[in-house]
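# Breakdown of the fold
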Protein chains: 2
Amino acid sequence: MTAEILTVGTEILLGNIVNANAAFLSQGLAGLGISVFKHTSVGDNHGRLAAAFASAFENASLVITTGGLGPTQDDITKSVAAEYFGRELEMHEESRQKIIQRFAGRTLPESVERNALIPQGAEVLPNENGSAPGICMERDGKILIMLPGPPHEMQPMFTKYAAAFLRKKTDSVFVSRTLKIIGMGETSVESQLRDLIDAQTNPTIAPYAKVGDVHVRITASAPDEKTAQALIAPVAEEIYTRLNPCVYGEDETPLAETVINQLKNKNHTLAVAESCTGGLIASNLVAVSGCSAILKEGFVTYSNEAKIARLSVPESLIKEHGAVSPEVAAAMAENAAKVSGATIGLSITGIAGPEGGTPEKPVGLVYIGLHINGQTQTAQHKTIGNRNEIRTRSALLALDLLRRSL
Amino acid sequence: MTAEILTVGTEILLGNIVNANAAFLSQGLAGLGISVFKHTSVGDNHGRLAAAFASAFENASLVITTGGLGPTQDDITKSVAAEYFGRELEMHEESRQKIIQRFAGRTLPESVERNALIPQGAEVLPNENGSAPGICMERDGKILIMLPGPPHEMQPMFTKYAAAFLRKKTDSVFVSRTLKIIGMGETSVESQLRDLIDAQTNPTIAPYAKVGDVHVRITASAPDEKTAQALIAPVAEEIYTRLNPCVYGEDETPLAETVINQLKNKNHTLAVAESCTGGLIASNLVAVSGCSAILKEGFVTYSNEAKIARLSVPESLIKEHGAVSPEVAAAMAENAAKVSGATIGLSITGIAGPEGGTPEKPVGLVYIGLHINGQTQTAQHKTIGNRNEIRTRSALLALDLLRRSL
């Protein structure tokens, strides 16, 4: 099966957003063993979109669109597609009910019901993160899959529903396992796996760099899922052995979830004290449902005043070593645990920039403090990137220090 | 002049890299008043690239390519283009000398000289950050500009040389202003602006839904920037009037920055107390450089224990009304201010789900507390989405309540 990805939206052609959807879908289709021959982006324009459908299906047996499924005037993907396939749009009651539930307690904008208009005979892909369902249509061996534009709606819909739909169309299944690595750059991961990657046939191995971590996707093709998993298992095993202890989790599991599960298993409770990350570590933890079992409390002590008042960090210590120092990181971690009654205190203090750097303490310098079982350790990192990349990487590094210590 | 951007490279179709070049070039062309009608990406494949050139020039008078200019076997853009324009490749001595200088002191890989092969009669764009020069070709009013793939080579080459080349060909500029709206959904924004949107010619008006807010982009085309801004101003004015007080900022300004500036101007200081958002409000504030002037402290009191111990929320109040209640939100805000010595306390408590909802208190229900100038108010919201959307929206709603009160 050969595919074209067709992203729809004037904001793409104006350069207001980078077309990350096409990259995401390309990776996903590669994982299904489907070759992508072309990416195309067109604006919210009836004529040009219709022409794009025609030319896409000249070469591809599968076309996946993102964008233009919303309820507003410039959301035209659905109607142009229905026209191309010669179908009428009709109200899909189940989707309509879903939308009504989604707006429960709030007034439902009438136009939003238009999200539930589906071409006759099309298959509906549920949208668990928005109002516009996805749509699959087929004719003469041509498959069209329409997904919403917002990545937080599109990505889970593809992974959970569109991929399952496509698996039924291919005679072999493609199964992927993604190992998530922290504490190594993409190049060092790749060099350590170079021989495996070069020798790869089935399963295939592909590393991807993210902000703060690296993902290694192992994909096997087989007649059934069980056989594919059996092909993947020894490769995953070998990668764990080579990259251990840097592999922190798999697939959708965020680092915070791995850490929360470790803490639950060991009956630990945690308090975090954050300066430059300003609540980001706590927020990563609270993003995981069920964190209440282990998270006692978080202290956002961005100001020295708060470090002193809330965490009893001695003013003299800050004067002597500076707020960004291993000594202050250690005091923050110790006192966060003590004040909150948690068994573990995790702290971070650093220079996120763009201002505030010096030759001795440049932007990107962070100190992490960890107080556990009565012992306190600190770690120094020199992180790179802009203010928010530095904050994101620092929060992950702090959680990773905790993970490794458990 | 209408343009198509044609990015060349199999790594794009595999999803190994996100196609940021197309977004960069789209912005650059918009700034030159050139409308981009299409983005296309194809692999390093002779037949498909040749077909892509042909179909691009069917609709566009300008085609800009990135990628495939290097010296390796799979760098074919230059030769396919020369073939399409019926030109021979010949050695461009000046470019060859530049490459030799560039490798001064290092052995020059023979293949690198192939970077200096240029189609007859083409104009050369110097590459100040790499070996492969850019190329401009013209025939029958069709313009082809070929740029290298690596962004650090492509971007300066476009800005310094390609843009100058194109300015000679055009006579207008595009200018955009984006108004950012919170407290209204995309559909209500659109219905309030429907007549303006329908009547739009120049400037154009387009709303885009984001998680928690809506952006309205106004774009004008004119002979010069000043004239374009003059066309945009009255439209922006009208939108401010209609959507006030929901417009919180413009262009790159996040809501947190708007609020921080308001607080600075009024010499206020802020403490935040967060339950379901778990540090997200604080993190949004700390994401803005210079927030230290106003942010006294943040309390992540996800557990009732922490609400009681840190913020002196009476246990009886939690027992009587529940942790998710206006009473508890009010107590959290008041005591956050009191404990930290800030002039303003902002709090949030809610049910982020997926568990913990009840018929009376469903998932998505949040209460915001705001203590300012000795007065405490609370707001109730029913937010929608998954756990993280609910947390993201709640954090923005809390900051918006503060914004409106200042």
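Structure report, in brief. (Residues numbered from 1 in each chain as written. Chains lettered and ligands numbered in written order. Predicted model: local features only at pLDDT ≥ 70, side-chain atom pairs only at ≥ 80, totals over all residues. Heavy atoms only, no water.)

This paragraph deals with the interface of chain B and chain A. Between chain B and chain A, the residue contacts involve 68 residues of the former and 68 residues of the latter. Summing the contributions of chain B and of chain A, the shared interface buries around 5,400 Å²; its carbon and sulfur component is 52%. Among the residues of chain B in contact with chain A, Leu13(B), Arg310(B) and Ile384(B) are the three that bury the most area, contributing 10% of the side total. Applying the counting criterion to the chain B and chain A interface returns 4 salt bridges. Here Lys296(A) makes a salt bridge to Glu305(B), at a shortest N to O gap of 2.6 Å. (Contact = heavy atoms within 4.5 Å. Buried area = accessible area lost by both parts, 1.4 Å probe. Salt bridge = Lys/Arg side-chain N within 4 Å of Asp/Glu carboxyl O.)

What follows deals with the side chain of Ser394(A). Considering the arrangement of structural elements, one finds Ser394(A) in helix 14 (residues 387–405). With relative accessibility at 0%, the residue Ser394(A) sits in the buried group. (Helix = DSSP H or I, 4+ residues; strand = E, 2+ residues; numbered from the N terminus. Buried < 20%, exposed > 50% of the residue type's maximum accessible area, 1.4 Å probe, protein only.)

Looking now at the nonpolar core. Ranked by internal contacts, the top residues of the largest apolar core, which has 78 residues, are Leu346(A) and Leu346(B). Sequence-distant contacts of Leu346(A), defined by excluding residues within four places in its chain, comprise Leu270(A), Ala271(A), Val272(A), Ala273(A), Ile281(A), Ala333(A), Ile368(A), Gly369(A), Leu370(A), Ala398(A), Leu399(A) and Leu402(A). (Core = buried A, V, L, I, M, F, W, Y, C linked by side-chain atoms within 4.5 Å.)

Turning our eyes to something else, we now look at unusual backbone geometry. Here the amide bond leading from Asn202(B) into Pro203(B) is cis, since omega sits at 10°, within 30 degrees of zero. As for its placement among the helices and strands, Pro203(B) is situated in the loop between helix 7 (186–198) and strand 10 (204–209). Cis peptide bonds are those with omega within 30 degrees of zero, and the linkage from Gly353(B) to Pro354(B) qualifies with -5°. If you trace the backbone, Pro354(B) turns up in the loop between strand 15 (344–350) and strand 16 (365–372). At Asp140(A), a residue that is not glycine, the phi angle is positive and equals roughly 50°. Within the secondary structure layout, Asp140(A) lies in the loop between strand 7 (134–139) and strand 8 (142–147). Of the residues examined, Asp140(A) reaches a relative accessible area of 67% and is grouped as exposed.

The next point concerns the side chain of Asn115(B). Residues and elements named next belong to chain B. Note on placement: Asn-115 falls in the loop between helix 5 (93–102) and strand 5 (117–119). Relative accessible area serves as the criterion here: at 3%, Asn-115 is assigned to the buried category. If sequence neighbours within four positions are ignored, Asn-115 has contacts with Leu-69, Gly-70, Pro-71, Lys-78, Ile-99, Ser-131, Ala-132 and Pro-133.

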